[in-house]
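# Coordinates in review
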Amino acid sequence: MHELVAAQSNDLICLKMDIGKVTDPQLHALYKEAIMSLEQNIKDLLQFYPQAPVPAARGGKAEAADMTGFYAGHLLGKAKGWVRNYALAITETATPALREVFVKHLNNAIKLHAKVFDFMEERSLYPAYDLERLLANDMENAKKALSM
């Protein structure tokens, strides 16, 4: 659940930031549809957070002065997607030379993901080992994305 809420909240923020730049009317309508779909997905999933096996977060953290956490989280999500995509591609190629390239790219994506994760962990931007804070951050980011 965390992965879906975090990724969709990040994607929703990006879509809302970008929609004003989309000039093609049909593509603009598709952006609107995607935004509405993600908003509904997030609302549906947030209903389950109170049932998570941790107590509700108490208090809030200070508002970040910049968007570093958002951008780092977005890059982390993208790197995770690249890892998944290359892992899948490796299983579907029959060409040994291409498979070697995919493996090299997969390893690079894994290394990048680790570096971004470490960056976020060092700055307390991703409390991966604190489920209470993790879910509280998800809810905060989802609410921000929904309120934009």
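You'll find the protein entered in an unreviewed UniProt entry as Spore coat protein F, with Paenibacillus favisporus given as the organism. Of the comments in the UniProt record for the protein, the one headed Subcellular location (unreviewed entry) reads "Spore coat". Per UniProt, the comment on the protein under Sequence similarities (unreviewed entry) is "Belongs to the CotF family."

### Describing a nonpolar patch on the surface
On the surface, a cluster of nonpolar side chains totalling about 410 Å² of accessible area is made up of Met17, Met67, Tyr71 and Met148. You can see tyrosine 71 is positioned in helix α3 (residues 68-92).

### Considering unusual backbone geometry
The phi dihedral of serine 124 falls on the positive side, at around 55 degrees, and the residue is not glycine. Considering the arrangement of structural elements, one finds serine 124 in the loop between α4 (96-122) and α5 (131-147).

### Re the packing of aromatic side chains
Per the stated rule, a full pass over the model turns up four aromatic pairs. Among the aromatic side chains, those forming a connected cluster through ring pairs are Phe117, Tyr126 and Tyr129.

### Considering α3
Taking 1.5 Å of rise per residue, 25 residues should cover 36 Å, and α3 covers 36 Å from first to last C-alpha, within 8% of that figure. Within the span of α3, buried status applies to Phe70, Ala72, Gly73, His74, Leu76, Ala79, Gly81 and Ile90. The elements touched by buried residues of α3 are α1 (2-18) and α4.

### Thoughts on the packing of α1 against α3
Put simply, α1 and α3 touch, their axes get as near as 10 Å, and they point 115 degrees apart. In terms of their interaxial angle, α1 and α3 are classed as roughly perpendicular. Crossing handedness for the pair α1 and α3: left-handed. Contacts between α1 and α3 involve Glu3, Asn10, Asp11, Ile13, Cys14 and Met17 from the first element and Phe70, Tyr71, Gly73, His74 and Lys80 from the second. In terms of residue class, the contact of α1 with α3 is built from five nonpolar, three polar and three charged.

Cut-offs applied
- Residues numbered from 1 in each chain as written.
- Predicted model: local features only at pLDDT ≥ 70, side-chain atom pairs only at ≥ 80, totals over all residues.
- Heavy atoms only, no water.
- UniProt positions renumbered as here; feature names shortened; annotations may be inferred.
- Patch = residues over 30% accessible without salt bridge, like charges linked within 9 Å, V, L, I, M, F, W, Y side chains within 5 Å.
- Areas by Shrake-Rupley, 256 points an atom, 1.4 Å probe, with all protein chains shown as cover.
- Salt bridge = Lys/Arg side-chain N within 4 Å of Asp/Glu carboxyl O.
- Helix = DSSP H or I, 4+ residues; strand = E, 2+ residues; numbered from the N terminus.
- Phe/Tyr/Trp six-rings, centres within 6.5 Å; stacked < 30°, edge-to-face > 60°.
- Expected span 1.5 Å × (residues − 1).
- Buried < 20%, exposed > 50% of the residue type's maximum accessible area, 1.4 Å probe, protein only.
- Contact = heavy atoms within 4.5 Å.
- Axes fitted to C-alpha atoms, helices over the stretch in contact; angles between N-to-C directions.
- Parallel < 35°, antiparallel > 145°, perpendicular 65-115°, else oblique.
- Left-handed = near helix turned anticlockwise from the far one by under 90°.
- Nonpolar A, V, L, I, M, F, W, Y, C, P; charged D, E, K, R; others polar.

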